[in-house]
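Listed below are the residues making up each chain.
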Amino acid sequence: MNSVATRNRILRTAGLLVFAALLVALPIMLRPGHSFTGTDDRAVEVISQMGTGVQPWFHPLWEPGSDAVESLLFGLQAALGLALLVVCFLGLRRRQQG
Amino acid sequence: MAGVRVAWASAAAAPNAMHIMEGYLPPFWAAFWFVVALPFWVVGFRRISRLVAEHRETRLLLGLCGAYAFVLSALRMPSVTGSSSHPTGTGLGGVLFGPSVMSVLGSIVLLFQALLLAHGGLTTLGANSVSMAIAGPLLAWVVWRGLRNRMSQHVVMFLAAAGADLVTYVVTSAELALAYPDPVAGFLGAFLKFAGIFAITQVPLAIVEGILTVILYDALQRNAAADLAALGMETRA
């Protein structure tokens, strides 16, 4: 019974992950080569189109010098978060087993 | 419009992000949202301090919720609308610890991104905190409390996490519409324009976040049942 329940849980989890991956991959498949501009860039365009003449009154204290550095830093954020998440999860699991 | 372009032309990496960008909220509104966020931060800091001091066993779950927000908010995903955005990861913490605690954890994520990634901003930290670190977790908490005894916990967790993700961007749209009402249609016209950018783009990402959160919560139910029970989370399907 336990093995059946475990197998069903694994299949359900795998199915959900595949569906999530498809949701992420579908836009890329439908629009190959598209730049997928960030929503805040588009919001700036809307603000500009409203004719407000707005310009930012404050600028970031520091900015990544290139797309590559920006991507690296986002990757670093994700990696740090994932590492902490795994450490915390394993700690919880160890506590339950112990 | 040319001024806007020049302002960002110096940044080789025009940010592809989803928060309100640095300097794009007028000073009044920037200050307003800080004032709104402040009580949540104060209550949140006190609650975290009390939790860590009196219930040390909650530190791991606290860390996990903060880490989850850290991970998900770093993942830029394309949307079928042709734009890209990020999930928020704040729904799980909102359910487990409530909006005041997540106001602090989520704001730490936002501060990190503002300082090191030029993603969001310091002047817009209040507004971005209200949308991502307060409104989202608050909705998750309300959804969980309202529905947890009426349907499967997994379904409720999905709704809470996806709803938190989506409401973040609805609130962002409202914040921008308040600051930049449409010259003709006013707040509502501007809100619909911004929501058309943010909220609709976010729908598939909210679904993805809901799925990932359910998977993580399922894993926590099997590996940290006692810790969840200590937070009043009864483990059942």
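For the structure, see preceding data.
Small disclaimer: the values here were computed from a predicted structure and weren't measured. (Residues numbered from 1 in each chain as written. Chains lettered and ligands numbered in written order. Predicted model: local features only at pLDDT ≥ 70, side-chain atom pairs only at ≥ 80, totals over all residues. Heavy atoms only, no water.)

*Asks:* What exactly am I supposed to notice about the overall build of chain A here?
*Replies:* Within chain A one finds three helices and one strand. A burial count over chain A gives 30% of its 98 residues as buried. Accessible surface, chain A: about 6200 Å² in total, of which carbon and sulfur atoms supply 66%. (Helix = DSSP H or I, 4+ residues; strand = E, 2+ residues; numbered from the N terminus. Buried < 20%, exposed > 50% of the residue type's maximum accessible area, 1.4 Å probe, protein only. Areas by Shrake-Rupley, 256 points an atom, 1.4 Å probe, with all protein chains shown as cover.)

*Asks:* Would you take a moment to explain the overall build of chain B for this structure?
*Replies:* Of regular secondary structure, chain B possesses nine helices and two strands. Overall, chain B shows an N-to-C arrangement of helices and strands of α-α-α-β-β-α-α-α-α-α-α. By principal-axis analysis of the C-alpha atoms, chain B measures approximately 60 × 35 × 35 Å. A total of about 8200 Å² of accessible surface is found on chain B, and carbon and sulfur atoms cover 72% of it. A distance of 2 Å separates the average location of the 13 positive side-chain charges in chain B from that of its 10 negative side-chain charges. (Lys, Arg positive; Asp, Glu negative; His and termini not counted. Charge placed at Lys NZ, Arg CZ, Asp CG, Glu CD.)

*Asks:* Sorry, what's going on with the side chain of B:Asn128 here?
*Replies:* Secondary-structure assignment places B:Asn128 in helix H6 (residues 125-147). Residues contacting B:Asn128, with those up to four places away along its chain left out, are B:His19, B:Ile20, B:Leu110, B:Gly120, B:Gly121, B:Ala133 and B:Glu175. (Contact = heavy atoms within 4.5 Å.)

*Asks:* Sorry if this is basic, but what is going on with the pattern of salt bridges here?
*Replies:* Pairing is possible between side chains of opposite charge, provided their charged atoms come close. Applying the stated criterion to the full structure yields three salt bridges over all chains. A:Arg95 is paired through a salt bridge with B:Asp227; the nearest N and O atoms lie 2.3 Å apart. Within this pair, whereas A:Arg95 is found in helix H3 (residues 67-97), its partner B:Asp227 is found in helix H9 (residues 225-230), the two belonging to separate chains. Assessed through its relative accessible area of 35%, A:Arg95 is described here as partly exposed. For B:Asp182, the salt bridge identified is with B:Lys193, shortest N-O distance 2.7 Å. In this pair, B:Asp182 sits in the loop between helix H7 (153-179) and helix H8 (186-223) while B:Lys193 sits in helix H8, placing the two residues eleven residues apart along the sequence. (Salt bridge = Lys/Arg side-chain N within 4 Å of Asp/Glu carboxyl O.)

*Asks:* I tried to follow the packing of H7(B) against H8(B) on my own but got confused; where do I start?
*Replies:* Two measures define how a pair of helices packs: the angle their axes make with one another and the distance between the axes. Residue and element names in this part refer to chain B. Between H7 and H8, whose axes approach to 6 Å, the crossing angle comes to 155°. The angle between the axes of H7 and H8 places the two elements in the roughly antiparallel class. Crossing angle aside, the handedness with which H7 passes H8 is right-handed. (Axes fitted to C-alpha atoms, helices over the stretch in contact; angles between N-to-C directions. Parallel < 35°, antiparallel > 145°, perpendicular 65-115°, else oblique. Left-handed = near helix turned anticlockwise from the far one by under 90°.)

*Asks:* Explanation requested: the interface of chain B and chain A in the structure shown.
*Replies:* Accessible area lost upon the coming together of the parts is a frequently used measure of interface size. Counting from both sides, the interface comprises 84 residues of chain B and, opposite them, 61 residues of chain A. With both sides pooled, the region where chain B packs onto chain A buries about 6300 Å², and carbon together with sulfur makes up 69% of that total. Together, B:Leu60, B:Leu117 and B:Asn223 form the three largest contributors to the area buried by chain B at its contact with chain A, with a combined 10%. Taken together, chain B and chain A are joined by one salt bridge. The tally of links between chain B and chain A comes to eleven residue pairs in polar contact (both at pLDDT 80 or more). Per-element accounting of the side of chain B that touches chain A gives the leading share, 18 residues, to H8(B). By residue class, the composition of the side of chain B that touches chain A is 56 nonpolar, 19 polar and nine charged. (Buried area = accessible area lost by both parts, 1.4 Å probe. Polar contact = N/O pair within 3.5 Å; in protein donor to acceptor, adjacent residues only side chain to side chain. Nonpolar A, V, L, I, M, F, W, Y, C, P; charged D, E, K, R; others polar.)

In short, geometric facts, not functional conclusions.
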